[in-house]
Amino acid sequence: MPHLIVEYASNLAGFPEAQALTELNQAVTASPEIADEADLKTRFVVAKSFAIGTAAEPRAFVHAQLRVLSGRTPEAKRDLSERIASVLRRLTPRPAGVLVQLSVEVVDMDRGSYAKERL
C-alpha cells in the first residue's frame with residue numbers, strides 16, 4: 001500500500017513514463033499520508049484498444065487510480081488526488097486536434113482483507 005496505476009491511451013505518443021514515475025512518486029510520498037516511501041508501487045498501463053464516447057473525432061485519456069488503505073479523510077484523499085493531477089497535467093502530451101481527458105480517483109482498500117509482506 002499504496003498502489004498507483006496510471007492508464008493512458010496509446011494515441012498519446014511520447015508519454016514521458018520515466019519522468020512521470022519519478023515525479024508522481026515524489027509528489028505522492030511527500031504527502032503526510034504516506035508513512036514509508038518504499039510502500040508506494042506505481043505502474044503505467046497503455047490502453048491499445050479503447051473508445052471514448054461515440055463521436056468520430058480523435059480523443060485520448062489519462063486515468064490515475066491511487067489505491068490506499070481505508071480510513072483517510074476526504075481532505076487527505078483530495079490532497080493526494082491533486083498531487084497526482086498536478087503532475088499529469090504538466091506531463092501529458094496534447095496532440096493537435098485530440099481531446100485529452102484527465103481523471104484521478106483515490107480508492108479505499110479494505111484494511112481487514114489486505115495482505116502485504118516484504119520478502
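Further up the page is the structure itself.
Residues numbered from 1 in each chain as written. Predicted model: local features only at pLDDT ≥ 70, side-chain atom pairs only at ≥ 80, totals over all residues. Heavy atoms only, no water.

Peer 1: Describe the overall build of the protein chain, naming the residues involved and giving the relevant values.
Peer 2: The helix and strand tally for the protein chain stands at two helices and four strands. The order of helices and strands in the protein chain, counted from the N terminus, is β-α-β-β-α-β. Total accessible area on the protein chain is roughly 6800 Å²; 51% of this is exposed by carbon and sulfur atoms. If the 15 positive side-chain charges of the protein chain are averaged to one point and the 15 negative ones to another, these points end up 2 Å apart. (Helix = DSSP H or I, 4+ residues; strand = E, 2+ residues; numbered from the N terminus. Areas by Shrake-Rupley, 256 points an atom, 1.4 Å probe, with all protein chains shown as cover. Lys, Arg positive; Asp, Glu negative; His and termini not counted. Charge placed at Lys NZ, Arg CZ, Asp CG, Glu CD.)

Peer 1: Pulling in residues and values, what's your account of the nonpolar core?
Peer 2: Among the nonpolar cores identified, the biggest contains 31 residues, and L4, V6, L24, L66, I84 and L88 are the most heavily contacted of them. Listing elements by their share of this core, those giving two or more residues are β1 (3–9), α1 (17–29), β2 (41–47), β3 (59–69), α2 (74–91) and β4 (99–109). Of the residues forming this core, the biggest block, seven residues, is contributed by β3. Ignoring anything within four residues of it in the chain, the contact list for L88 reads V6, F15, L24, V62, A64 and L102. (Core = buried A, V, L, I, M, F, W, Y, C linked by side-chain atoms within 4.5 Å. Buried < 20%, exposed > 50% of the residue type's maximum accessible area, 1.4 Å probe, protein only. Contact = heavy atoms within 4.5 Å.)

Peer 1: Please provide a residue-by-residue account of the pattern of salt bridges, values included.
Peer 2: Under the criterion given, the structure shown has seven salt bridges. The closest approach of N and O atoms between E23 and R90, which form a salt bridge, is 2.5 Å. Here E23 is found in helix α1, whereas its partner R90 is found in helix α2, with 67 residues between them in sequence. In this structure E23 comes out as buried when scored by relative accessible area, which is 19%. (Salt bridge = Lys/Arg side-chain N within 4 Å of Asp/Glu carboxyl O.)

Peer 1: Requested: an account of α2, with residues and values cited.
Peer 2: Three- or four-residue spacings in an α-helix give side chains the same orientation, since the helix completes a turn every 3.6 residues. Along its 18 residues, α2 runs 26 Å from first to last C-alpha, staying within 8% of the 26 Å computed at 1.5 Å per residue. Where α2 is concerned, the buried positions are A76, L80, S81, I84, A85, V87, L88 and L91. Taken together, the buried residues of α2 touch β1, α1, β3 and β4. (Expected span 1.5 Å × (residues − 1).)

Peer 1: Before we move on, can you summarise α1 with the specific residues and values?
Peer 2: Spanning 13 residues, α1 covers 18 Å between terminal C-alpha atoms, matching the ideal 18 Å at 1.5 Å per step. For α1, the complete set of buried residues consists of A20, E23, L24, A27 and V28. Along the axis of α1, the buried residues cluster in a sector spanning 125°; they form a single face. Of the exposed residues in α1, those oriented more than 90 degrees away from the buried face are A18 and Q26. Lining the buried residues of α1 we find β1, β2 and α2. (Arc of directions from axis to C-beta.)

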